[in-house]
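The lines below spell out each chain.
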Amino acid sequence: MIAISDLPTLNATLNATAAVLIGAGFYFIKQRNIRAHKACMVSAVVVSSVFLTSYLIYHYHVGSVHFTKQGWIRDVYFTLLLTHTVLAVTVLPLVLRTVFLAAQGRFANHVRIAKWTFPVWMYVSVTGVVVYLMLYH
């Protein structure tokens, strides 16, 4: 059984996995490999959904975790955390809309919004790992 204290590491692993899947999905669509693109993106949605569930469970039980380091790293951390948090709130509706458009076969609209969804989702996934490393290690 996974303990609550294990969830930050799990969450970082899920974020890293999502980033790899998003990057692979981007690569495959550039290669016009739609089947592989779809598999990667569906997997990224599933992994990100598991992440969000785990993240909410962790913070329900633990609350906020304070950053205790001092000096210039503190400014870096809070700048990264701020941008990560704002974009994390933004990415959920972007991902949902992008997936909805693909599922509806509205690929021109899907591509148009995916050009925004991809970098935001990638940034949130990668910075989630960086925030974890800065906060817990």
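Residues numbered from 1 in each chain as written. Predicted model: local features only at pLDDT ≥ 70, side-chain atom pairs only at ≥ 80, totals over all residues. Heavy atoms only, no water.

1. Here we look at helix H1 (residues 7-30)
Under the convention used in this document: Elements are defined by DSSP. Helices are runs of H or I of four residues or more, strands are runs of E of two residues or more, and each kind is numbered from the N terminus. Helix span, expected: 1.5 Å multiplied by one less than the number of residues in the helix. Residue burial is assigned from relative accessible area. The probe radius is 1.4 Å, only protein chains are included, and a residue is buried under 20% of its type maximum, exposed over 50%, and partly exposed in between. Contacts are residue-level and defined by heavy atoms, with any inter-residue pair within 4.5 Å sufficient.
With 24 residues, H1 extends 34 Å from end C-alpha to end C-alpha; this agrees with the ideal 34 Å at 1.5 Å per step. Every buried residue of H1 is listed here: Leu7, Pro8, Asn11, Ala12, Leu14, Asn15, Ala18, Ala19, Leu21, Ile22 and Gly25. Along its buried surface, H1 packs onto helix H2 (34-62) and helix H4 (107-136). Positive backbone phi, approximately 65°, marks Arg32, located one or two places after H1.

2. Regarding the packing of H2 against H4
For any two helices packed against each other, the geometry comes down to the angle between their axes and how far apart the axes lie. To keep it simple, the criterion reads: Every angle, taken between N-to-C directions, lies between 0 and 180 degrees, and every axis is a line fitted to C-alpha atoms, over only the stretch in contact when it is a helix. Each angle gets one of four labels, with under 35 degrees taken as roughly parallel, over 145 as roughly antiparallel, 65 to 115 as roughly perpendicular, and the rest as oblique. Crossings are classed by handedness, with left-handed meaning an anticlockwise turn of the near helix from the far one by less than a right angle and right-handed meaning a clockwise turn. Gly falls in the polar group here, along with every residue not listed as nonpolar (Ala, Val, Leu, Ile, Met, Phe, Trp, Tyr, Cys, Pro) or charged (Asp, Glu, Lys, Arg).
At a minimum axis separation of 13 Å, H2 and H4 run at an interaxial angle of 45°. Comparing the axis directions of H2 and H4 gives the class oblique. For the pair H2 and H4, the sense of crossing is left-handed. Of the residues in H4, those touching H2 at His37, Met41, Ala44, Val45, Ser48 and Tyr58 are His110, Trp121 and Tyr136. Of the residues contributing to the contact of H2 with H4, the split by class is 6 nonpolar, 3 polar and no charged.

3. Side note on helix H3 (residues 72-103)
In an α-helix, one turn spans 3.6 residues, which is why side chains three or four residues apart end up on the same side. The first and last C-alpha atoms of H3 sit 46 Å apart over 32 residues, in line with the 46 Å expected at 1.5 Å per residue. Along H3, the residues classified as buried are Tyr77, Leu80, His84, Val91, Leu94, Val95, Thr98 and Leu101. Looking at the packing, one finds that the buried side of H3 touches H2 and H4. One or two residues past the end of H3 sits Gly105, with phi positive at roughly 75°.

4. Quick look at the packing of aromatic side chains
As a reminder of what qualifies: The aromatic pairing rule takes the rings of Phe, Tyr and Trp, using the six-membered ring of Trp, and pairs them if the centres are within 6.5 Å, calling planes under 30 degrees apart stacked, those over 60 edge-to-face and the rest tilted.
Tallying each qualifying case throughout the model produces 7 aromatic pairs. Seen in terms of ring centroids, Phe26 and Phe118 are 4.3 Å apart; in terms of plane orientation they differ by 10°. Their pairing is stacked. Within this pair, whereas Phe26 is found in helix H1, its partner Phe118 is found in helix H4, the two being separated by 92 residues in sequence. Arranged with centres 5.5 Å apart and planes meeting at 65°, the rings of Tyr27 and Phe28 form a pair that is edge-to-face. Since its relative accessible area comes to 47%, Tyr27 is described here as partly exposed. The partly exposed category is assigned to Phe28, whose relative accessible area is 25%. Ring-pair connections join several aromatic residues into one group, and the members of that group are Phe67, Tyr77 and Phe78.

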